[in-house]
Amino acid sequence: SRYYREVLPGEIVKISRHDVQTLDVVRRPEGDPSAFCIFEYVYFARPDSIFEGQMVYSVRRRCGQQLAIEAPVEADLVSTVPESATPAALGYAQKCGLPYVEVLCKNRYVGRTFIQPNMRLRQLGVAKKFGVLSDNFKGKRVVIIDDSIVRGNTISPIIKLLRESGAKEVHIRVASPPIRFPCYMGINIPTKEELIANRPEFHDLANYIGADSVVYLSVEGLVSSVQESIKARQDSNPKTQKSYLGKLGHCIACLTGDYPVELEW
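Residues numbered from 1 in each chain as written. Predicted model: local features only at pLDDT ≥ 70, side-chain atom pairs only at ≥ 80, totals over all residues. Heavy atoms only, no water.

A. View of a nonpolar patch on the surface. Together, Y4, I15 and V20 make up an exposed nonpolar region whose accessible area comes to about 330 Å². Tracing the backbone shows I15 in strand β1 (residues 11-15). Classification of I15 as exposed rests on a relative accessible area of 66%. (Patch = residues over 30% accessible without salt bridge, like charges linked within 9 Å, V, L, I, M, F, W, Y side chains within 5 Å. Areas by Shrake-Rupley, 256 points an atom, 1.4 Å probe, with all protein chains shown as cover. Salt bridge = Lys/Arg side-chain N within 4 Å of Asp/Glu carboxyl O. Helix = DSSP H or I, 4+ residues; strand = E, 2+ residues; numbered from the N terminus. Buried < 20%, exposed > 50% of the residue type's maximum accessible area, 1.4 Å probe, protein only.)

Right, here's the structure in full:
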């Protein structure tokens with residue numbers, strides 16, 4: 001198989017053995033920016049996916065680089081919660097000039113803890129999900145890059161595991177901003193009360209999850225990381241603006257509460 005092109009927002013495509021046809025394009029109202037889900041870049045998409053003419057892996061690496069600018073820390077090594085945060089961790093390490101070292105190995109036979117129905121099952125899932133590469137970090141200050149902290153109860157057992165295995169310090173850096181609002185566009189985000197960013201514990205999150213420090217990427221940092229190469233491409237060839245998206249925009253409603261359409265209750 002080979003990459004042909006993206007399906008445009010609102011486009012219905014018919015693929016046959018003869019050709020690829022556009023049957024229809026449902027256009028957004030004139031002047032209304034597109035609102036591609038920014039969380040696809042953060043978490044949901046495969047790293048080799050291509051959206052808006054850019055590879056998701058490259059965007060995640062840029063998020064890590066931006067995070068290093070916004071939230072550096074005195075440490076000995078950078079690592080990741082495998083595997084979705086790996087590109088961001090590599091970007092962070094590269095920008096900070098710290099070595100990237102694996103501290104956890106993933107058990108490939110365990111499913112995603114994010115979708116387990118209750119907290120106890122999610123925490124048990126975490127315990128089974130990772131093995132510890134203790135020789136790589138014993139006595140050292142570790143920066144762990146995660147792609148997102150949603151409820152806050154899957155990162156806690158990981159930090160505990162690293163400390164028990166000899167980590168001197170564990171600093172958490174999150175390559176996306178805090179999720180604060182529900183998604184009404186089809187993504188199954190937990191209720192507002194379950195989101196750690198809305199809970200009292202968030203005011204002392206490092207202490208709550210057992211880390212030495214926790215810093216999230218800013219909303220502006222995420223948006224600029226996502227839009228940087230799209231804008232560069234548009235500036236070099238203004239025609240691409242129309243062919244890709246119309247007016248550039250991304251849905252950041254789960255981060256800011258600013259929804260791209262009016263909600264009807």
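B. Main features of the environment of D258. On the secondary structure map, D258 appears in the segment after α9 (253-256). Judged by relative accessible area, D258 falls into the exposed class, the value being 55%. Linking D258 and F181, residues 77 residues apart in sequence, is a C-alpha distance of 9.3 Å.

C. Geometry of the pattern of salt bridges. Inspection of the entire model under this criterion finds seven salt bridges. With a shortest N-O distance of 3.0 Å, D76 and R141 are connected by a salt bridge. Of the two residues, D76 sits in the loop between α2 (56-70) and β6 (77-80) while R141 sits in strand β9 (residues 141-146), which places them 65 residues apart along the sequence. Residue classification places R141 among the partly exposed residues on the basis of a relative accessible area of 22%. Taking the shortest distance from any N to any O, the salt bridge between D212 and R163 comes out at 2.8 Å.

D. Representation of unusual backbone geometry. Look at the link from P82 to E83: it is a cis peptide, with omega at 0°. Tracing the sequence through the fold places E83 in the loop between β6 and α3 (86-96). Even without glycine at this site, E52 takes up a positive phi of about 50°. Topologically, E52 is positioned in the loop between β4 (50-51) and β5 (54-55).

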